[in-house]
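Observations on the three-dimensional arrangement
So the chains spell out like this:
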Amino acid sequence: MNEITKHAPAPAPTSSAACSVPLAAPIAVLAELTHRCPLQCPYCSNPLMLEKANVELKTEDWQRVFTEAAALGVLQVHFSGGEPTLRTDLAALVKHANGLGLYTNLITSGVLLDAKKLAALVDAGLDHVQLSFQDSEAENANRIGHYKGGHEKKVAVAALIRAAGLPLTMNAVVHRQNLDHLAEIIALADKIDASRLEVAHVQYYGWALKNRAALMPTRAQLDRATAMVDAARIRLKGRLVIDYVVPDYYAKRPKKCMDGWGRHFFNVSPAGKVLPCHAAESIDGLKFDSVRERSVEWIWANSEAFNRFRGTDWMPEPCRSCDRRELDFGGCRCQAFALTGSAGNTDPACELSSNHQAMFEAALADAASGEPNYVYRRIGGA
Ligand code: SF4
Ligand code: FES
């Protein structure tokens, strides 16, 4: 995510009764324009039940969402998917968001982009591109994404993005089957003239949880990777910024997932469901409101799904009396649900959770399994 802002936040909406602290305006929206995608990455953050093309929001629906989001105080729109460049109205949506003063970022696999499409996006006011890579090595990258020729296409598209004058971030999701190439992945980011590299260890829910035995790194791999990132940050200072997202299975405390549930961010699914987190649909029993029936402002303030885990009132022990409760907000709700069956539990990544030890042992067993095969992401579920 990028920090550039183009306009000042609007006044925050009033808090609902379910939330005991004043509700701030959201900063960013992740617009999942479609779940369609030519790639099939086994760690995709989209839900297991992907939404089909015939339920996607129309151009005017998305434009209304961006107008309402900007009025609410949103500063950034991240166009994502699936593969957002499959939407033939992408340039029109970028233009609309740009006209509202929003910072526009395209998160793409790049395999469908060419110079003409990029020129249209530049004309529409696109500010930034995040381009995903599956590995530094073509054969393994194309196996992970399950898309022949994809890596070679991405390298070529990176050059087009820079030639178009757009700033470029390279996204690299890392796991056991590409982590030993991290030095080459960092070198590739430098070579394609990315100004930022996001090295993100897989987070295990949805598709990634299904593939955990094939993806979970060993502790030794993780330690080598962390040292390599530290060294590269010094070596490439001033040339490449490296963001590093660690796998919290090996941590003592959880990550502050989503920067806290319903605090700064919302996600809109292709069909218009508004989610506090891109993986929130993996949690059974949450009701998500839709932009087809409600305004963005109403949903942000009143939606049951947003208010269920906002703030700290919902917390059980040990979070409730922990001095870190407003630092990490109890970790990740999706991970708590995936691993304990209740999103209302402390994230088992936390050492203080009674589920931590069992989670860690299961993860270590997966890391040692040597399983090489993936369950690829596909419409219709796994
Ligand atoms: Fe965070 Fe809860 Fe663990 Fe405290 S007990 S560190 S608030 S997850
Ligand atoms: Fe959903 Fe962490 S991924 S709250």
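Our structure is the block above this text.
Everything in this summary refers to the structure shown in the same document.

Definitions and cut-offs
Residues numbered from 1 in each chain as written. Chains lettered and ligands numbered in written order. Predicted model: local features only at pLDDT ≥ 70, side-chain atom pairs only at ≥ 80, totals over all residues. Heavy atoms only, no water. Helix = DSSP H or I, 4+ residues; strand = E, 2+ residues; numbered from the N terminus. Contact = heavy atoms within 4.5 Å. Axes fitted to C-alpha atoms, helices over the stretch in contact; angles between N-to-C directions. Parallel < 35°, antiparallel > 145°, perpendicular 65-115°, else oblique. Nonpolar A, V, L, I, M, F, W, Y, C, P; charged D, E, K, R; others polar. Phe/Tyr/Trp six-rings, centres within 6.5 Å; stacked < 30°, edge-to-face > 60°. Buried < 20%, exposed > 50% of the residue type's maximum accessible area, 1.4 Å probe, protein only. Lys NZ or Arg CZ within 6 Å of the ring centre and 35° of its normal. Left-handed = near helix turned anticlockwise from the far one by under 90°. Polar contact = N/O pair within 3.5 Å; in protein donor to acceptor, adjacent residues only side chain to side chain. Salt bridge = Lys/Arg side-chain N within 4 Å of Asp/Glu carboxyl O. Pairing = 2+ DSSP bridges. Near = heavy atom within 4 Å.

Considering the environment of Cys 319
By the element assignment, Cys 319 lies in the loop between helix H11 (304–308) and helix H12 (325–328). The spacing of Cys 319 and Ser 353 is 34 residues in sequence and 8.8 Å in space, taken between C-alpha atoms. If sequence neighbours within four positions are ignored, Cys 319 has contacts with Arg 325, Gly 330 and Thr 346.

Comments concerning the packing of helix H4 (residues 138–145) against helix H5 (residues 150–163)
Where H4 contacts H5, the two axes come as close as 7 Å, and the packing angle between them is 105 degrees. In terms of orientation, H4 lies roughly perpendicular with respect to H5. Contact with H4, carried on its side by Ala 138, Ala 141 and Asn 142, involves Gly 150, His 151 and Glu 152 of H5 and no other residues of that element. For the contact of H4 with H5, the per-class residue count stands at 2 nonpolar, 3 polar and 1 charged.

Describing unusual backbone geometry
Between Gly 81 and the following residue, Gly 82, the backbone shows a cis peptide bond with an omega angle of 10 degrees. A cis amide bond links Glu 317 with the next residue in sequence, Pro 318, at an omega value of 5 degrees. In this model, Asp 193 sits at a positive phi of 65 degrees, which is unusual for a non-glycine residue. Residue position: Asp 193 is located in the loop between helix H6 (182–191) and strand E6 (196–201). One non-glycine residue, Asp 259, lies in the positive phi region at around 60 degrees. Residue position: Asp 259 is located in the loop between strand E7 (241–245) and strand E8 (265–268).

Things to note about the packing of aromatic side chains
All chains considered together, the criterion is met by 9 aromatic pairs. For the pair Tyr 250 and Phe 360, a centre-to-centre distance of 5.8 Å together with 90 degrees between the ring planes defines the contact as edge-to-face. Note that Tyr 250 is positioned in the loop between E7 and E8 and Phe 360 in helix H14 (residues 356–367), a separation of 110 residues in sequence. Residue classification places Phe 360 among the partly exposed residues on the basis of a relative accessible area of 21%. Among the aromatic residues, those joined into a cluster by ring pairs are Trp 62, Phe 66 and Phe 79. Positioned above the aromatic ring of Trp 298, the side-chain terminus of Arg 294 is 3.7 Å from the ring centre.

Some points on the packing of helix H2 (residues 90–99) against helix H3 (residues 115–124)
The contact between H2 and H3 brings their axes to 8 Å, and the two run at 20 degrees. One element, H2, and the other, H3, form an angle in the roughly parallel class. In this structure, H2 meets H3 at a crossing whose hand is right-handed. Contacts between H2 and H3 involve Leu 90, Ala 91, Val 94, Lys 95 and Asn 98 from the former and Ala 120, Leu 121 and Ala 124 from the latter.

Some details on the environment of Ser 295
Structurally, Ser 295 can be placed in the loop between strand E9 (274–275) and helix H10 (296–302). Classification of Ser 295 as partly exposed rests on a relative accessible area of 30%. For the pair Ser 295 and Arg 64, spaced 231 residues apart in sequence, the C-alpha separation works out to 9.2 Å. Within polar-contact distance, the side chain of Ser 295 engages the backbone nitrogen of Trp 298 at 3.0 Å.

Details of the pattern of salt bridges
This model, assessed by the stated rule, comprises 17 salt bridges. Overlapping salt bridges bring together Arg 36, Glu 56, Arg 87 and Asp 89 as one network.

A short note on the pairing of E7
The two faces of E7 differ: Ile 242 and Tyr 244 on one face are buried, but Val 241, Asp 243 and Val 245 on the other face are not. Pairing analysis gives 5 bridges linking E6 to E7, with the strands arranged parallel. Looking at E7, one finds that Leu 197 is bridged to Ile 242.

Overview of the site of ligand 1
By nearness alone, every residue bordering ligand 1 is listed as Arg 253, Pro 254, Pro 318, Cys 319, Cys 322, Arg 324, Arg 325, Asp 328, Gly 330, Thr 346, Cys 350 and Leu 352. For the shell around ligand 1, the class distribution of residues is 6 nonpolar, 2 polar and 4 charged.

Some details on the side chain of Asn 105
Residue position: Asn 105 is located in strand E3 (residues 103–108). Separated by 2.6 Å, the side chains of Asn 105 and Gln 130 make a polar contact.

Details of the side chain of His 356
For His 356, the position within the fold is in helix H14. Residue classification places His 356 among the buried residues on the basis of a relative accessible area of 8%. Reaching out from His 356, the side chain makes a polar contact with the backbone oxygen of Ala 349 at a distance of 3.3 Å.

Note that all results are geometric; they support no functional claim without further evidence.
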